[in-house]
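Examination of the molecular architecture
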Amino acid sequence: MRAAALALGVGAAALTALTLPVHAAPDGAAIYGRCAACHTKTGAGVPGVFPPLGEDFRVMGSSEAGRRYLTLVVTRGVSGPIKVGGKPYAGVMPAQATLDDASVAAVLNHVGTEIAKTGPAFKPFAEAEVAGIRAGGAALSAQDVGKLHAAAGGQ
Ligand code: HEC
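All of the points below concern the structure found in this document.

Criteria and cut-off values
- Residues numbered from 1 in each chain as written.
- Predicted model: local features only at pLDDT ≥ 70, side-chain atom pairs only at ≥ 80, totals over all residues.
- Heavy atoms only, no water.
- Helix = DSSP H or I, 4+ residues; strand = E, 2+ residues; numbered from the N terminus.
- Buried < 20%, exposed > 50% of the residue type's maximum accessible area, 1.4 Å probe, protein only.
- Arc of directions from axis to C-beta.
- Contact = heavy atoms within 4.5 Å.
- Polar contact = N/O pair within 3.5 Å; in protein donor to acceptor, adjacent residues only side chain to side chain.
- Donors = N, O, S within 2.8 Å, 3.2 Å for Na, K, Ca; no water.
- Tetrahedral: all angles 85-135°; square planar, octahedral: opposite > 155°, others 65-115°.
- Axes fitted to C-alpha atoms, helices over the stretch in contact; angles between N-to-C directions.
- Parallel < 35°, antiparallel > 145°, perpendicular 65-115°, else oblique.
- Nonpolar A, V, L, I, M, F, W, Y, C, P; charged D, E, K, R; others polar.
- Salt bridge = Lys/Arg side-chain N within 4 Å of Asp/Glu carboxyl O.
- Phe/Tyr/Trp six-rings, centres within 6.5 Å; stacked < 30°, edge-to-face > 60°.
- Lys NZ or Arg CZ within 6 Å of the ring centre and 35° of its normal.

Another aspect to go through is unusual backbone geometry. Following Gly80, the chain continues into Pro81 via a peptide bond in cis, with omega recorded as 20°. Tracing the chain through its elements places Pro81 in the loop between β1 (78-79) and β2 (82-84). Unlike most non-glycine residues, Thr40 shows phi in positive territory, near 70°.

Here it is as structure tokens:
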């Protein structure tokens, strides 16, 4: 009897664990699929058209101004002239405005760890960090974001 009650208790606990709502973290690799359409699957980009997501990304990810720039590139878009990896770019990246804060953090973290593999150590973005930067930059145009590039540690 005691064993049965115990088994029942364990069963109920397991069921509760299974049925509790789980706030699944967004899948940065899956979200990167939309970035890959332009920046390519490996992040190598297309010289002069779509910049690489490589060492420059990690350099910018290591300063406050750079982290603000990287976040705003995704939430507001970016339009140069900018130089990445020593090459000039003067196109337009459309804002990825449908991504929520957690998704922006997830895709930046995917790029920082799986796509950009050289450069300084990568410090992950948190959802709250993205939320603050997005709110602060809500009035910026893609051109405005482009002007932040140099001070963000871009070349
Ligand atoms: C429709 C094409 C397109 C898509 C989709 C796109 N980008 Fe871009 N991205 C660009 C272009 C073009 C530029 C450079 C803008 C310029 O030429 O001035 C750029 C610039 C950037 C930069 C700035 C690089 C630097 O060193 O200054 C980052 C970071 C970036 N994109 C990340 C992303 C991420 C992350 C995604 C997916 C969430 C994404 N992009 C989706 C086209 C795109």
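Three or more residues of helix α2 (residues 28-39) are buried, namely Gly28, Ile31, Tyr32, Cys35, Ala36 and His39. Along the axis of α2, the buried residues cluster in a sector spanning 165°; they form a single face. When the buried face of α2 is taken as reference, the exposed residues oriented beyond 90 degrees from it are Ala30 and Ala37. Against the buried residues of α2 lie β4 (92-93) and α5 (101-115). Sitting at the head of α2, Asp27 places a side-chain oxygen 3.1 Å from the backbone nitrogen of Ala29. Phi turns positive, to about 70°, at Thr40, one or two residues after α2.

Turning our eyes to something else, we now look at the coordination of the iron atom of the ligand. Protein-derived ligands of the iron atom of the ligand are His39 (NE2) and Met93 (SD), with the metal-ligand distances lying across 2.0 to 2.2 Å. Each of the six donor atoms bound to the iron atom of the ligand contributes to angles spanning 88 to 179°, and the resulting shape is octahedral. Here the residue His39 occupies a position in helix α2, and Met93 occupies one in strand β4, the gap between them amounting to 54 residues. Note on accessibility: His39 and Met93 belong to one class, buried.

Here we come to the packing of α2 against α5. At a minimum axis distance of 8 Å, the contact between α2 and α5 shows a crossing angle of 85°. In terms of axis orientation, α2 runs roughly perpendicular to α5. Across from Gly28, Ala29, Ile31, Tyr32 and Cys35 in α2, the residues of α5 making contact are Ser103, Ala106, Val107, His110, Val111 and Ile115. A class-by-class count of the residues in the contact of α2 with α5 yields eight nonpolar, three polar and no charged.

What follows is about the pattern of salt bridges. Pairs can form between side chains of opposite charge whenever their charged atoms are close. The full count for this structure, using the stated rule, is two salt bridges. Across the salt bridge formed by Glu129 and Arg67, the nearest N and O atoms sit 2.8 Å from each other. Of the two residues, Glu129 is situated in helix α6 (residues 127-136) and Arg67 in helix α4 (residues 64-76); the sequence distance between them amounts to 62 residues. Since its relative accessible area comes to 24%, Glu129 is described here as partly exposed.

To continue, consider the packing of aromatic side chains. What the rule picks out here adds up to two aromatic pairs. Taken together, a centroid distance of 6.1 Å and an interplanar angle of 40° make the contact between Phe122 and Phe125 tilted. Looking at Phe122, the relative accessible area reads 16%, which means it is buried. With relative accessibility at 5%, the residue Phe125 sits in the buried group. Of the aromatic side chains, those joined through ring pairs into one cluster are Phe57, Phe122 and Phe125. Across the ring face of Phe125, the terminal group of Arg67 is positioned such that the distance to the ring centre comes to 4.1 Å.

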